[in-house]
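One letter stands for each residue in the lines below.
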Amino acid sequence: MKANSATFIVRLTSYLKNKFDVHICTDFITAATVLSLRGSSYVSYRIYDWKDRTHSSVTRISILFKTWYDDSILFYASGETIKPQYIAASLKNNSTYIEMDFGEGPIMNCTLGMDLASHYWHNLTIFHDHNIVKVILDDQMKVFEGAKNLLFDPEIYFGGGPDLNKKKGLASNNNFAGSFKYVFYNDVSILYELQKGNPKVHYIGVLSPEYVEKDVDVIPITYPFATSHIWWPIK
């Protein structure tokens, strides 16, 4: 994707609006921020403080991603305040698996795309508009009806998260390894806010953030403590 950021956003906005009737606000976008992850880190965004919590009837999550690996997490958000709710997006078997529960059932899920772990850019958008949810991957779309308002907990996660084995709806327990670009929660550019030091956005990982597109073809093993080790019993 070699077009400059302004050209890309204009094309993306026109494409999504005309094909899928999804509106994207672009007035504030000045440049693309790329973040490469190596499977040992993730990004969190605090969407509100507990005292300000409120239901949301319209929510948009957008991610451009590129990777060689097909078993990892793209996005996760959940809420436990009233009824358990979540939106989970994973890469599994070279496709995206999306699962959503708005608290009153039924669970909505879909699998979109193929050959996604081929190191090309792909665009995933989840657009919740009152009782409709549109899941869009590149030029594919799945529409669900019967959605309710969302009430997420304050922290949402991109590329991984804490206690992944305890999260409902995920098809993987692995952090993302590859590159992200144009990551949005509603009108907030997550990576742009991370790079400029917004205290609501955090990079969690042992390695330093890499704000450049990298060909992540090796996932390192990181030892967080002096006593960390690998135990490999040999008979």
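Residues numbered from 1 in each chain as written. Predicted model: local features only at pLDDT ≥ 70, side-chain atom pairs only at ≥ 80, totals over all residues. Heavy atoms only, no water.

Engineer: Hey, could you run me through the overall build of the protein in this one?
Structural biologist: Helix and strand content of the protein: two helices and 14 strands. A total of 235 residues make up the protein; the buried ones form 49% of that total. Counting contacts in the protein only where the partners sit at least 6 residues apart, residues at least 24 apart contribute 69% of the total. Taken as a whole, the protein presents about 12100 Å² of accessible surface, with 52% of it coming from carbon and sulfur. (Helix = DSSP H or I, 4+ residues; strand = E, 2+ residues; numbered from the N terminus. Buried < 20%, exposed > 50% of the residue type's maximum accessible area, 1.4 Å probe, protein only. Contact = heavy atoms within 4.5 Å. Areas by Shrake-Rupley, 256 points an atom, 1.4 Å probe, with all protein chains shown as cover.)

Engineer: Even after reading the chapter, I still don't get the packing of aromatic side chains, so can you show me in this structure?
Structural biologist: The full count for this structure, using the stated rule, is four aromatic pairs. Measuring from ring centre to ring centre gives 5.1 Å for Phe 75 and Phe 158, while their planes differ by 55°; the resulting arrangement is tilted. Here Phe 75 is found in strand E4 (residues 71-79), whereas its partner Phe 158 is found in strand E11 (residues 155-158), with 83 residues between them in sequence. With respect to burial, Phe 75 and Phe 158 carry one shared label: buried. It is Lys 142 that lies over the ring of Phe 144; its NZ or CZ is 5.7 Å from the centre. Here the basic side chain of Lys 181 rests over the ring of Trp 121, its NZ or CZ set 4.5 Å away from the ring centre. (Phe/Tyr/Trp six-rings, centres within 6.5 Å; stacked < 30°, edge-to-face > 60°. Lys NZ or Arg CZ within 6 Å of the ring centre and 35° of its normal.)

Engineer: It is not clear to me how the environment of Gly 161 should be interpreted in this structure. Could you clarify?
Structural biologist: In this fold, Gly 161 is placed in the loop between E11 and strand E12 (177-185). Note: C-alpha distance between Gly 161 and Ile 73 (88 residues apart in sequence) is 8.6 Å. Once residues lying within four places of it in the same chain are set aside, the contact partners of Gly 161 are Tyr 42 and Asn 175.

Engineer: I would appreciate a short explanation of the sheet that holds E4 in the present structure.
Structural biologist: Pairing between the strands of a sheet is mediated by backbone hydrogen bonds and can be parallel or antiparallel. Read across the open sheet, the seven strands follow the order E7-E6-E5-E4-E11-E2-E14; overall the sheet is antiparallel. The outermost strands of the open sheet, each flanked by one partner alone, are strand E7 (108-112) and strand E14 (201-205). Each strand of the sheet is rotated relative to its neighbour by a mean of 15°, with strand direction disregarded. Strand direction decides the pairing type here: strand E6 (residues 95-101) and E7, joined by five bridges, are antiparallel. The residue of E7 that forms the bridge with Glu 99 is Asn 109. (Pairing = 2+ DSSP bridges. Axes fitted to C-alpha atoms, helices over the stretch in contact; angles between N-to-C directions.)

Engineer: Sorry, what's going on with the environment of Glu 145 here?
Structural biologist: Positionally, Glu 145 belongs in strand E10 (residues 140-145). When its relative accessible area of 65% is taken as the criterion, Glu 145 is described as exposed. Sequence-wise, Glu 145 and His 128 are 17 residues apart; in three dimensions their C-alpha atoms are separated by 9.9 Å. Not counting residues up to four positions away in its chain, the partners in contact with Glu 145 are Met 108, Asn 131 and Ile 132.

Engineer: What should I look at first to understand the side chain of Arg 60 in this one?
Structural biologist: Relative to the elements of secondary structure, Arg 60 occurs in strand E3 (residues 58-66). At 3.0 Å, the side chain of Arg 60 and the side chain of Ser 62 are in polar contact. A polar contact of 2.5 Å, which involves the side chain of Arg 60, links it to the backbone oxygen of Asn 186. (Polar contact = N/O pair within 3.5 Å; in protein donor to acceptor, adjacent residues only side chain to side chain.)

Engineer: How do you make sense of the pairing of E4 when you look at a structure like this?
Structural biologist: Side-chain positions along a regular strand alternate between the two faces of the sheet. By the criterion of burial, E4 is predominantly enclosed, with eight of the nine residues buried. Two elements, E4 and strand E5 (residues 85-92), share eight bridges in a ladder whose sense is antiparallel. When the bridges of E5 are listed, Tyr 76 appears paired with Ala 88. Linking E4 back to E5 in an antiparallel pair, the connection comprises five residues. Across two bridges, E4 lies against E11 in antiparallel orientation. Bridge pairing in E11 links Tyr 76 to Tyr 157.

Engineer: Teacher, can you tell me more about the pairing of E11 here?
Structural biologist: In this sheet, E11 lies alongside strand E2 (residues 41-46) in antiparallel orientation, the contact comprising four bridges. Within E11, the position partnered with Tyr 45 by the bridge is Ile 156.

Engineer: Sorry, what's going on with the nonpolar core here?
Structural biologist: Within soluble globular proteins, side chains that are nonpolar tend to cluster in buried spots. Counting 43 residues, the largest nonpolar core has Phe 65, Met 100, Phe 158 and Phe 180 as its most contacted members. Apart from the residues lying within four places of it in its own chain, the contact partners of Phe 65 are Leu 74, Leu 91, Thr 96, Leu 116, Tyr 120, Trp 121, His 122, Leu 124, Leu 137, Phe 176, Ser 179 and Phe 180. Core analysis: the next-biggest nonpolar cluster, separate from the first, contains six residues, Ile 73, Tyr 76, Tyr 86 and Leu 170 among them. (Core = buried A, V, L, I, M, F, W, Y, C linked by side-chain atoms within 4.5 Å.)

Don't take any of this as a statement about function, it's just geometry.
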